[in-house]
Amino acid sequence: EIRRGLAAIERPEGVKLVHKLKSDIETEERNLATGLEGQALASFFAAVNPRLDLGEAAHRQMLEEAEERPNRLPDQVVMDGRTYVMIVDVVPPDLPEKLRIGTSLLIKGVRMNCNPQYRVAGGEEGEVWSRGSVASFNARSNKYKVVYGEEFEWISWPCESLEVEVDIFPEQVTMSAPGVFVKSVTIPHPDDERFRAIVAFTPTPAGAIASPFGDGRESPQFGDVSFTVTGVKSTKSLLEVPKDGEAPRTTRLLPPPALRPADRYNIYDTVTGALLPDGVVEFTPLKEGGFGKCVTFQCGEQVELPEDGVYLLQTRARREIGYPWTSHNAMVVSLKGCTRGTDASGTAHVHLNRAVTRVDELRVVVTWAGDVRELDTHVYTSAMDQIDYSVCGESVNGVTLNLDSCNGTGPETATIRVKPKLGYSLSLKLVGDPAATGSVWAGSMARAHVYDSTGLIAVFHVPPVDHSAAGLQWWHVLAFHGSQWKNEGHDLFRVNQLSDSSLPDIAVPGWTIMEAASRADWEEMSGEMHQLFVSGQPGPVPVLMPQQLSVLTNMQGESLLGVVCRPSHDSTDGDDRAAGDEEGLTPAQKQMKAVTELLHWTLELDKKSSSVNAQAMGLPAEECLNKEIRERGVEECYIFRAAVSASVEVSLEIFRRLAAVVKRSPLTSKIRSFFYLHGNALLDVAVTKRPSNSVSRVVEAILSVEAMWERQQRKAFDMGDKVQVERVVGNGEFLPGTICKVTGVDRLHVTLLTRPTSGDGGRTRTLACGNGYHNFTAIAPALQDLDIVEVHPLRLRWRCSALASARTRHQELVYIAKNMDLKDGVSPEQRRILQAESALKRCISMLSEKFSE
């Protein structure tokens, strides 16, 4: 205004410019906030997948309900990530005018004297379908040759004398609805797998990533919706056909509870919890190509929206937008008769953030609804601070829990004044529900809004969860380190996981023990442990103080010992010839020193915590091992890494301790069961992937664990064991197989990997199916022509894949060694080959002693 020479009472251009800037800021703020909400929802639905486990009671109940409405969808479906189930009858495709060679057919009736395995049960009781395939076409007789195993017949086409269908097993099912992306999984029905199928499905929005419920083009059509259910191979509709005079069936599709409008809104201050009576809520309908006319309601006023559809909701502390309040922007889906509320009266409690004034502050506001009684906020720092309801209102190392809700309606508000040398994590604990089931979390509509001095920067929704899961008391939301505060987005680490354990037992990026181990910086790792556990003071970049190292994992599910076992410092010839440092320590020696200290302090902390894991001699706890297997796979757990990739001295030390732990553990212990179940695979990967110069020492260490071989000596077979079946008693010919069922002390079902073939009418097969004493009537007749045989344990011997792998590698090296030219002496490479051949020969000897074939 001064630059333009405007008088104080004449400033129309200035006023106009201010209004334009204000409008631009409001629009940008709303777009940013709704974009963050949309991205959080999109991330939620992207992670949602249907899940069906018929071993769980809740899923069996869903299947029983679906049996009562075959070929029909549930009457009501909620788009909130849960799994629904329906059962469909598989409809065959129309018969083609001409058949293709290789087409699989189902022909009603028993055809020829074909093998019973080509007969398919189905239809009414007593009916049988035979499965055959088209092998050739005779143009002279205009007939097709249909083969049933070793038998065949010629049929004319079209065939009027036979009932024929095209075999489409296994059929897959696809589902769709307007604006809805239906994720589905199809499995054959266990009672009638060829003619019926089970479909588990989850509806998700098909909208854009930034706005999954309201991009104006692909918005889901809520209310009474017509779904299509189609067979992928048959291209036929699998839904029940309405009878004459009946209207087509529809399914009522409901929006997620978190996105439904409430009957009224009360508006509060997130810091003080005070009611803001001048607050307003504004609904702007989202139309294709733009926005409709907005409607505004006062705090506490009854909400009546003019029509169904998607609305942008903005909640303000007063009619005008402005400092010191941050407006709350969200998205709601209006559907007549479908509302929600934070409490029983249908009232939603909206909490507005008072502007964060400092550039080094972060505020997290957590809200929820549903049947959740209370969520407690827990903030942990790497200086070993724990901030929860017990210190509400107090500042602890810059962290203040401003508001602790005890009435079940929220919110919980925490403000963090960030310090560059501290790491932080924030978690929420579900209080008042001992079961802590997934359905409670899913219905809680819990959300965490994160603010800094610029406004809203992140939104978290409760992650997808199986409704039948239990024991999930903790929602781990986020973590970050103060040294990264000035980076874009403050480098917030989105943990967003439900768990049964508190976050102090889990490492997150930025905390130094796990980081040093992942970088193979053994000196830093040793130094961090020394400062934490010897001096009792955190270092210059502190680490979150774990209660137990034995349960410490990173966010990828790796145990600390598993990370340490990742790198190997072994040289090619097996000696550690890498240059030493000023102290004369080589990298392998430094790694071994760090491992020794890690095992020592793990044991000391387990003793201090009075943990049962104190008997594990410093090894990771069983729950830590289970987590590695669950999240990364068994071949990525610390035991497999010790066998395959760790330096040889580290590997020997770990298996020395494992041998001692297993020796004093009971027969039913989990660690002993691990070796029962995975011992064969452990030896196999050690033999095939371990460098030849160290393989014999590591294999010897693995075999020192008695659980590796004790069952073999007792002939105590179990499901999954790899065995060999004596084909005929006394002839010494064996067939490879895997035990698939234990039916008794003297009865085992074995899946053969190679079908025995003979020209004696099946007598040899019958001998292979006997019980070991030529008692052929003892076997179930249905097994005699399948790839599964029932045998007595005396007919079995163990099949050690590691022994076979060792022999293969040894033969290769023997062939190379025989063709060596040693006239000019032995070169280093030739010496390495000869040493490897000798090491593998020793491996074969050790394995043959324990797993004699």
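That block above? That's the structure.
Remember, predicted model here, so these are calculated numbers, not experimental data.

Quick word on the overall build of the chain
Each helix and strand in the chain was counted, giving 16 helices and 38 strands. Considering the chain as a whole, with its 853 residues, one finds that 50% of them fall into the buried category. Partitioning the intrachain contacts of the chain with sequence separation of at least 6 by distance along the chain shows that 67% fall at a separation of at least 24. Of the roughly 40,700 Å² of accessible surface on the chain, a fraction of 50% belongs to carbon and sulfur atoms.

Description of the sheet that holds strand β29 (residues 423–431)
With antiparallel pairing, the five strands of this open sheet are ordered in space as β25-β24-β29-β32-β33. Two strands in the sheet have a free side with no partner beyond their single neighbour: β25 (386–387) and β33 (493–499). For β29 and strand β32 (residues 474–481), the ladder comprises seven bridges, and the chain directions are antiparallel. Note that in β32 the partner of Lys429 across the bridge is Trp474.

Describing the sheet that holds strand β30 (residues 447–452)
Sheets are built from strands paired through backbone hydrogen bonds, the pairs being either parallel or antiparallel. Sheet architecture is open: six strands sit in the order β26-β27-β28-β23-β30-β31, paired in antiparallel fashion. Either end of the sheet is taken by a strand with one partner, and the two such strands are β26 (395–396) and β31 (455–461). Judged from the five bridges that link them, strand β23 (residues 361–367) and β30 form a sheet pairing that is antiparallel. When the sheet's bridge partners are listed, Val364 is paired in β30 with Val450. Contacts from helix α1 (residues 12–47) reach β30 and β31, with the element oriented near 20 degrees to β31.

Describing empty space enclosed by the protein
Applying the stated criterion to the full structure yields four cavities of 30 Å³ or more. Estimated volume of the largest cavity: approximately 290 Å³. What lines the largest cavity is a set of 22 residues, among which His328, Arg340, His349, Thr367 and Arg447 lie closest to the centre. For the lining of the largest cavity, the secondary-structure elements that each account for two or more residues are β21 (328–334), β22 (347–354), β23 and β30. Among the residues forming the lining of the largest cavity, the class breakdown is 13 nonpolar, seven polar and two charged.

Structural notes on the pairing of β31
Judged by how many residues are buried, β31 sits mostly within the fold: six of seven residues are covered. Sheet analysis places β30 next to β31, joined by six bridges and oriented antiparallel. Residue pairing in the sheet places Ala448 in a bridge with Phe460 of β31. The hairpin formed by β30 and β31 contains two residues between the paired strands.

Observations concerning the pattern of salt bridges
Charged atoms that come close allow side chains of opposite charge to pair. Per the stated rule, a full pass over the model turns up 28 salt bridges. Notably, a salt bridge pairs Glu240 with Arg249, separated by 3.0 Å at the nearest N-O pair. The exposure class of Glu240 is partly exposed, given its relative accessible area of 38%. Between Lys689 and Glu635 there is a salt bridge, with its nearest N and O atoms 3.9 Å apart. Remark: Glu635 occurs in the loop between α8 (622–632) and α9 (638–644) and Lys689 occurs in helix α11 (residues 670–689); sequence separation between them is 54 residues. Judged by relative accessible area, which is 52%, Lys689 ranks as exposed. With relative accessibility at 44%, the residue Glu635 sits in the partly exposed group.

A word on the packing of helix α15 (residues 801–818) against helix α16 (residues 828–850)
The geometry of α15 relative to α16 is characterised by a closest axis approach of 9 Å and an angle of 150 degrees between their N-to-C directions. By the angle class used here, α15 and α16 are roughly antiparallel. Crossing handedness for the pair α15 and α16: left-handed. Taken together, the residues of α16 that come into contact with α15 (itself represented by Ala802, Leu803, Ala806, Arg807, Arg809, His810, Leu813, Val814, Ile816 and Ala817) are Ile833, Leu834, Ala836, Glu837, Leu840, Lys841, Ile844, Leu847 and Ser848. Split by residue class, the contact of α15 with α16 holds 13 nonpolar, two polar and four charged.

Some details on the environment of Pro93
Note on placement: Pro93 falls in the loop between β2 (84–89) and β3 (104–108). Judged by relative accessible area, which is 17%, Pro93 ranks as buried. Taking the C-alpha atoms as reference points, Pro93 and Ile168, separated by 75 residues in sequence, lie 8.2 Å from one another. Sequence-distant contacts of Pro93, that is, excluding residues within four places in its chain, are made with Val166, Ile168, Lys233, Ser234 and Lys236.

Focus: the layout of surface pockets
For the largest pocket, the calculated volume is near 920 Å³. If you trace the largest pocket, you find 40 residues lining it, with Asp80, Gly81, Arg82, Val465 and His467 closest to the centre. Elements represented by at least two residues in the lining of the largest pocket include exactly α1, α2 (57–67), β2 and α3 (438–443). Residue contributions to the lining of the largest pocket peak at five residues, all from α2. Along the lines of polarity and charge, the residues of the lining of the largest pocket split into 23 nonpolar, nine polar and eight charged. Broken down by secondary-structure element, the contributors of at least two residues to the lining of the second largest pocket are β33 and α8. Counting residues per element, the lining of the second largest pocket draws most heavily on α8, which supplies six residues.

Digging into helix α10 (residues 648–663)
Compared with the 22 Å implied by 1.5 Å per residue over 16 residues, the 22 Å span of α10 between its first and last C-alpha is a close match. Of all the residues in α10, the buried ones are Val648, Val650, Ser651, Glu653, Ile654, Phe655, Arg657, Leu658, Ala659, Val661 and Val662.

Thoughts on the packing of α10 against helix α12 (residues 692–703)
Where α10 contacts α12, the axes come no closer than 9 Å and their chain directions differ by 10 degrees. In terms of their interaxial angle, α10 and α12 are classed as roughly parallel. Here Val648, Glu649, Ser651, Leu652 and Phe655 of α10 lie close against α12, whose contacting residues are Ser694, Arg697, Val698, Ala701 and Ile702. For the contact of α10 with α12, the class distribution of residues is six nonpolar, two polar and two charged.

Let's talk about a nonpolar patch on the surface
Together, Leu17, Leu21 and Ile25 give the surface a local cluster of nonpolar side chains, amounting to about 300 Å² of exposed area. Within the secondary structure layout, Leu21 lies in helix α1. The class of Leu21 is partly exposed, set by a relative accessible area of 46%.

Quick look at unusual backbone geometry
In the segment running from Trp157 into Pro158, the intervening peptide bond is cis, with an omega of 0 degrees. Locating Pro158 in the fold gives a position in the loop between β7 (151–156) and β8 (164–166). The linkage connecting Phe169 with the following residue, Pro170, adopts the cis geometry, with an omega of -5 degrees. Take Pro170: it is sitting in the loop between β8 and β9 (173–177). Its identity as a non-glycine residue notwithstanding, Asn71 has a phi of 60 degrees, on the positive side. Topologically, Asn71 is positioned in the loop between α2 and β1 (76–78).

The rules behind the values
Residues numbered from 1 in each chain as written. Predicted model: local features only at pLDDT ≥ 70, side-chain atom pairs only at ≥ 80, totals over all residues. Heavy atoms only, no water. Helix = DSSP H or I, 4+ residues; strand = E, 2+ residues; numbered from the N terminus. Buried < 20%, exposed > 50% of the residue type's maximum accessible area, 1.4 Å probe, protein only. Contact = heavy atoms within 4.5 Å. Areas by Shrake-Rupley, 256 points an atom, 1.4 Å probe, with all protein chains shown as cover. Pairing = 2+ DSSP bridges. Axes fitted to C-alpha atoms, helices over the stretch in contact; angles between N-to-C directions. 1 Å grid on protein atoms, 1.4 Å probe; cavity = no way out; pocket = protein on both sides within 12 Å on 5 of 7 lines; lining within 4 Å. Points joined across faces, edges and corners; volume = space filled by probe spheres on them. Nonpolar A, V, L, I, M, F, W, Y, C, P; charged D, E, K, R; others polar. Salt bridge = Lys/Arg side-chain N within 4 Å of Asp/Glu carboxyl O. Parallel < 35°, antiparallel > 145°, perpendicular 65-115°, else oblique. Left-handed = near helix turned anticlockwise from the far one by under 90°. Expected span 1.5 Å × (residues − 1). Patch = residues over 30% accessible without salt bridge, like charges linked within 9 Å, V, L, I, M, F, W, Y side chains within 5 Å.

Distances and angles like these do not, on their own, reveal function.
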